[in-house]
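# Architecture at a glance
What follows is each chain in one-letter form.
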Amino acid sequence: ALTGLYTRRSFYEHAEQQLKVAQRESKNIAMLVADLDGFKGINDTFGHHAGDLALKYVSQVIKETVRSSDIAGRVGGDEFIFCLPNASRDEAMRLGARLVENVNSSSFVYDNNQIKLSLSVGMCSSEKEHNKQIDVFIKEADQALYRAKKAGKNQLAE
């Protein structure tokens, strides 16, 4: 309800359905996992209300960035996940880069403080292997997210 994005459960249901279609029809599919950089600092510095507003703000940027066919969900405090049906590796990389750029180039004001946001994103696509289970796709995208974080945050990794 806070973000207007799919919850973990509904995301998995929709993404699983899209994965089965992609596998059956030998189409590409990609997964992105994203995490707000420094989210704990927003909560600690400005309070949880500011953190909630940050999540709402980023969710709006997400909705404006993804394609209408994409499935976007919030699966944890500041963690987001995306299923990109019919997306090649290159298309998924471009979308992930746009998410990073669009969040990084924006900010919101809370209690007369301009709060800058950034996002790290990990990507996995089916181009190398079409028969992965959804948990494997998500695990690989999550591992890529940790590489993005380790490399300095505010970026996309594969």
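Residues numbered from 1 in each chain as written. Predicted model: local features only at pLDDT ≥ 70, side-chain atom pairs only at ≥ 80, totals over all residues. Heavy atoms only, no water.

Helix and strand content of the chain: five helices and seven strands. Element order for the chain, N to C, with α for helix and β for strand: α-β-α-α-β-β-α-β-β-β-α-β. A compact globule built from 158 residues would reach a C-alpha radius of gyration of about 15 Å, and the chain, at 15 Å, matches this within 12%. The 158 residues of the chain split such that 47% are buried. Counting contacts in the chain only where the partners sit at least 6 residues apart, residues at least 24 apart contribute 70% of the total. (Helix = DSSP H or I, 4+ residues; strand = E, 2+ residues; numbered from the N terminus. Rg over C-alpha atoms; globule rule 2.2 N^0.38 Å. Buried < 20%, exposed > 50% of the residue type's maximum accessible area, 1.4 Å probe, protein only. Contact = heavy atoms within 4.5 Å.)

Counted according to the given criterion, the structure contains two aromatic pairs. For the pair Phe11 and Tyr12, a centre-to-centre distance of 6.0 Å together with 90° between the ring planes defines the contact as edge-to-face. (Phe/Tyr/Trp six-rings, centres within 6.5 Å; stacked < 30°, edge-to-face > 60°.)

Axis separation between helix H1 (residues 8–24) and helix H5 (residues 134–150) bottoms out at 10 Å; the angle between their running directions is 110°. Comparing the axis directions of H1 and H5 gives the class roughly perpendicular. Where H1 abuts H5, its residues Phe11, Tyr12, Ala15, Glu16 and Leu19 lie against Ile134, Asp135, Phe137 and Ile138. Counted by class, the contact of H1 with H5 contains seven nonpolar, no polar and two charged residues. (Axes fitted to C-alpha atoms, helices over the stretch in contact; angles between N-to-C directions. Parallel < 35°, antiparallel > 145°, perpendicular 65-115°, else oblique. Nonpolar A, V, L, I, M, F, W, Y, C, P; charged D, E, K, R; others polar.)

Taking strand neighbours across the sheet as the criterion, the five strands line up as E2-E3-E1-E6-E7 in an open arrangement whose pairing is mixed. Edge positions in the sheet fall to strand E2 (71–74) and strand E7 (156–157), since each has one partner strand and no second. Pairing analysis gives four bridges linking E2 to strand E3 (residues 79–85), with the strands arranged antiparallel. Looking at E3, one finds that Gly73 is bridged to Ile81. Here H1 sits on the sheet and contacts strand E1 (29–36), E2 and E3; the angle it forms with E2, its principal contact strand, is near 150°. (Pairing = 2+ DSSP bridges.)

Formed by 32 residues in total, the largest nonpolar core has its most connected members in Leu32, Leu36, Ile62, Phe80, Phe82, Leu84 and Leu117. Elements with a contribution of two residues or more to this core: E1, helix H2 (39–46), helix H3 (48–65), E3, helix H4 (89–104), strand E4 (107–110) and strand E6 (119–125). In contact with Leu117, other than residues within four places in its own chain, are Ile42, Ala54, Tyr57, Val58, Val103, Asn104, Ser106 and Phe108. Within the second largest apolar cluster, 17 residues are counted, among which are Ala15, Ile81, Cys124 and Ala141. (Core = buried A, V, L, I, M, F, W, Y, C linked by side-chain atoms within 4.5 Å.)

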